[in-house]
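This is what each chain is made of:
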Amino acid sequence: MARILAIDYGQKRTGIAVTDDLQIIANPLTTVETPKLMAFLTDYCAKENVECIVVGEPKHMDNTPSESAKFIEPFVKQLKKAFPDKEIARIDERFTSKMATHAIVNSGLHKKQRQNKALVDTVSAALILQSYMNLKNNTK
């Protein structure tokens, strides 16, 4: 099997998570400065077997796109063009940042570590990835 990679896209930095080769566990991977994201993804996909890239889809409670969608849509188009051989999936990312912050607080990290926004981004990406894996497994 190949890995699934998830992206929590942000204007300044982007959280990335990835599965293991058997697609069992979603793990936070890293945070990348958004302007360097495509170079990172190109390099990562050249080194690792990635079959699918999941991008969080920001929505309001009424299911309409949030304000940040206008920044993410051009990125998704660029992603599809750069990786035509990979499935590009979208999944609702509502509440992932709040859930990530909650998980980090409950993890027992010191206050200074909990304030690391990059950590929130990678944990959010892992939550996006886990949601995608759950959805995928439930539709089999």
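Residues numbered from 1 in each chain as written. Predicted model: local features only at pLDDT ≥ 70, side-chain atom pairs only at ≥ 80, totals over all residues. Heavy atoms only, no water.

Caption draft 1: Up close: the overall build of the protein. Regarding its fold elements, the protein presents five helices and five strands. When the helices and strands of the protein are read in sequence order from the N terminus, they spell out β-β-β-α-β-α-β-α-α-α. Counting every position in the protein, which comprises 140 residues, the buried fraction comes to 41%. The contacts in the protein between residues at least 6 apart in sequence include a share of 61% that link residues at least 24 apart. Roughly 8200 Å² of accessible area belongs to the protein as shown, and the carbon and sulfur atoms make up 54% of that amount. (Helix = DSSP H or I, 4+ residues; strand = E, 2+ residues; numbered from the N terminus. Buried < 20%, exposed > 50% of the residue type's maximum accessible area, 1.4 Å probe, protein only. Contact = heavy atoms within 4.5 Å. Areas by Shrake-Rupley, 256 points an atom, 1.4 Å probe, with all protein chains shown as cover.)

Caption draft 2: Local environment of the environment of I91. By the element assignment, I91 lies in strand β5 (residues 87-92). Classification of I91 as buried rests on a relative accessible area of 10%. Those residues in contact with I91 that lie beyond four places of it in its chain are V54, V55, G56, E57, I128, S131, Y132 and L135.

Caption draft 3: Structural context of unusual backbone geometry. Residue Q23 is not a glycine yet carries a positive backbone phi of 55°. Position of Q23 among the secondary structure elements: in the loop between β2 (13-19) and β3 (26-33). Assessed through its relative accessible area of 13%, Q23 is described here as buried.

Caption draft 4: Looking closely at the sheet that holds strand β4 (residues 50-57). The five strands are arranged β3-β2-β1-β4-β5 in an open sheet whose pairing can be described as mixed. Across the chains shown, the open sheet's two edge strands, defined by having one partner strand only, are β3 and β5. Between one strand axis and the next, the sheet turns by 25° as a mean value, whatever way the strands run. Examined bridge by bridge, β2 and β3 share seven bridges and lie antiparallel to one another. In the strand pairing of β3, A17 is matched with P28. Sitting on the sheet, helix α1 (residues 37-47) touches β1 (3-8), β2, β3 and β4, and the angle it makes with β3 is about 135°. (Pairing = 2+ DSSP bridges. Axes fitted to C-alpha atoms, helices over the stretch in contact; angles between N-to-C directions.)

Caption draft 5: The nonpolar core, seen in detail. Core analysis: the largest hydrophobic core is formed by 20 residues, its most contacted members being L5, I7, L41, I53, V55, F75 and L79. Of all the elements in the fold, those that place two or more residues in this core are β1, β2, α1, β4 and α2 (69-82). Examining the composition of this core, we find that five residues originate from one element, α1, more than from any other. (Core = buried A, V, L, I, M, F, W, Y, C linked by side-chain atoms within 4.5 Å.)

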